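These are the residues of each chain, in order.
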Amino acid sequence: MPRDAQRHDVELLESSFPAILRDFGAVSWDFSGTTPLPRGWSPPLAPGCYQLLLYQAGRCQPSNCRRCPGAYRALRGLRSFMSANTFGNAGFSVLLPGARLEGRCGPTNARVRCHLGLKIPPGCELVVGGEPQCWAEGHCLLVDDSFLNTVAHNGSPEDGPRVVFIVDLWHPNVAGAERQALDFVFAPDP
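Residues numbered from 1 in each chain as written. Predicted model: local features only at pLDDT ≥ 70, side-chain atom pairs only at ≥ 80, totals over all residues. Heavy atoms only, no water.

- In the nomenclature of an unreviewed UniProt entry, the protein corresponds to Aspartate beta-hydroxylase domain-containing protein 1 isoform X2 from the organism Leptonychotes weddellii.
- The heading Sequence similarities (unreviewed entry) in the UniProt record of the protein holds the text "Belongs to the aspartyl/asparaginyl beta-hydroxylase family." (UniProt positions renumbered as here; feature names shortened; annotations may be inferred.)

Here's what the structure looks like:
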């Protein structure tokens, strides 16, 4: 059943691509760094790396969800979204040309990180556990980010940013009882 739920979630996200891309258009900005950070956007993880999260560490971000109704509607329809513990996030990830996030590992192997490609210019790369991965616009890429991973945008400024919608899903090998226990142990702070 978990694998069927994951298949359902991928199909739902891919069919929601136009609405999620529209939502990104409504909340995006010039990303030049010359203007103040707009409402809802997180400070850069590294130079040129921005996020607008609808769920952060298992907590819904209501103002961002209201601003992105298509993305929020898709999240509400997912069966394996990890939305009730601190390992669960969902939102837009922007990587500007020349930006790089080097050698990172996710916090747990209980999740699979789903990347729905929204804008994928040439020169973008993701390497997970030493294996190159490929994004495609309108399609989901599932990765276990507990393995060492690097993301880079080696394209030119004219190419524009790489944009993906990231959703943390339960790993299909984590059983229902284990999910309940993890949700309890790693519940977000009140």
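Having put the structure on the table, let's press on.
**Some thoughts on the overall build of the protein**
Point 1. Scanning the protein from terminus to terminus reveals 5 helices and 11 strands.
Point 2. Here the C-alpha atoms of the protein give a radius of gyration of 16 Å, agreeing with the 16 Å that 2.2 N^0.38 yields for 190 residues.
Point 3. Referenced to the eigenvectors of the C-alpha coordinate spread, the extents of the protein come out at roughly 50 × 40 × 30 Å.
Point 4. A separation threshold of at least 6 residues defines the contact pool for the protein, and within that pool the share at least 24 residues apart is 75%.
Point 5. By element, 54% of the accessible surface of the protein is carried by carbon and sulfur atoms, the whole surface being about 9300 Å².
Point 6. Averaged over its 17 positive side-chain charges, the protein has a centre that lies 8 Å from the centre of its 18 negative ones. (Helix = DSSP H or I, 4+ residues; strand = E, 2+ residues; numbered from the N terminus. Rg over C-alpha atoms; globule rule 2.2 N^0.38 Å. Contact = heavy atoms within 4.5 Å. Areas by Shrake-Rupley, 256 points an atom, 1.4 Å probe, with all protein chains shown as cover. Lys, Arg positive; Asp, Glu negative; His and termini not counted. Charge placed at Lys NZ, Arg CZ, Asp CG, Glu CD.)

**So, the environment of Asn109**
Point 1. Here Asn109 is to be found in the loop between β5 (100–104) and β6 (111–119).
Point 2. Using a relative accessible area of 53% as the deciding quantity, one classes Asn109 as exposed.
Point 3. Between the C-alpha atom of Asn109 and that of His171, which follows or precedes it by 62 residues, the distance is 7.3 Å.
Point 4. Among residues more than four places away in sequence, those in contact with Asn109 are Asp144, Ser146 and His171. (Buried < 20%, exposed > 50% of the residue type's maximum accessible area, 1.4 Å probe, protein only.)

**Considerations on the pattern of salt bridges**
Point 1. Evaluation of the coordinates by the stated rule reveals 5 salt bridges.
Point 2. Measuring nitrogen to oxygen at the nearest pair gives 2.6 Å for the salt bridge that ties Arg111 to Asp145. Note that Arg111 is positioned in strand β6 and Asp145 in the loop between β9 (140–143) and β10 (149–153), a separation of 34 residues in sequence. Each member of the pair, Arg111 as well as Asp145, carries the same accessibility label: buried.
Point 3. Between Arg113 and Asp168 there is a salt bridge whose closest N-O contact spans 2.7 Å. Taken together, the residues Arg113 in strand β6 and Asp168 in strand β11 (residues 162–170) connect sequence positions 55 residues apart. (Salt bridge = Lys/Arg side-chain N within 4 Å of Asp/Glu carboxyl O.)

**Re the packing of helix α2 (residues 17–27) against helix α4 (residues 69–76)**
Point 1. Close contact between α2 and α4 brings their axes to 7 Å; oriented N to C, the two are set at 135°. Accordingly, the angle class assigned to the pair α2 and α4 is oblique. Here α2 contributes Ala19, Ile20 and Asp23 to the contact with α4, which in turn contributes Pro69, Gly70, Ala71 and Ala74.
Point 2. Taken together, the residues of the contact of α2 with α4 sort by class into 5 nonpolar, 1 polar and 1 charged. (Axes fitted to C-alpha atoms, helices over the stretch in contact; angles between N-to-C directions. Parallel < 35°, antiparallel > 145°, perpendicular 65-115°, else oblique. Nonpolar A, V, L, I, M, F, W, Y, C, P; charged D, E, K, R; others polar.)

**Brief notes about a nonpolar patch on the surface**
Point 1. On the surface, Phe184, Val185 and Phe186 cluster together to form a nonpolar patch covering roughly 350 Å² of accessible area.
Point 2. Within the secondary structure, Val185 sits in helix α5 (residues 176–185). (Patch = residues over 30% accessible without salt bridge, like charges linked within 9 Å, V, L, I, M, F, W, Y side chains within 5 Å.)

**Some remarks on α2**
Point 1. Listing the buried residues of α2 in full gives Phe17, Ala19, Ile20, Asp23, Phe24 and Val27. Mapping the buried residues of α2 onto a view down its axis gives an arc of 165°, with all of them on the same face. Those residues of α2 that are exposed and aimed more than 90 degrees away from the buried face are Arg22 and Ala26. (Arc of directions from axis to C-beta.)

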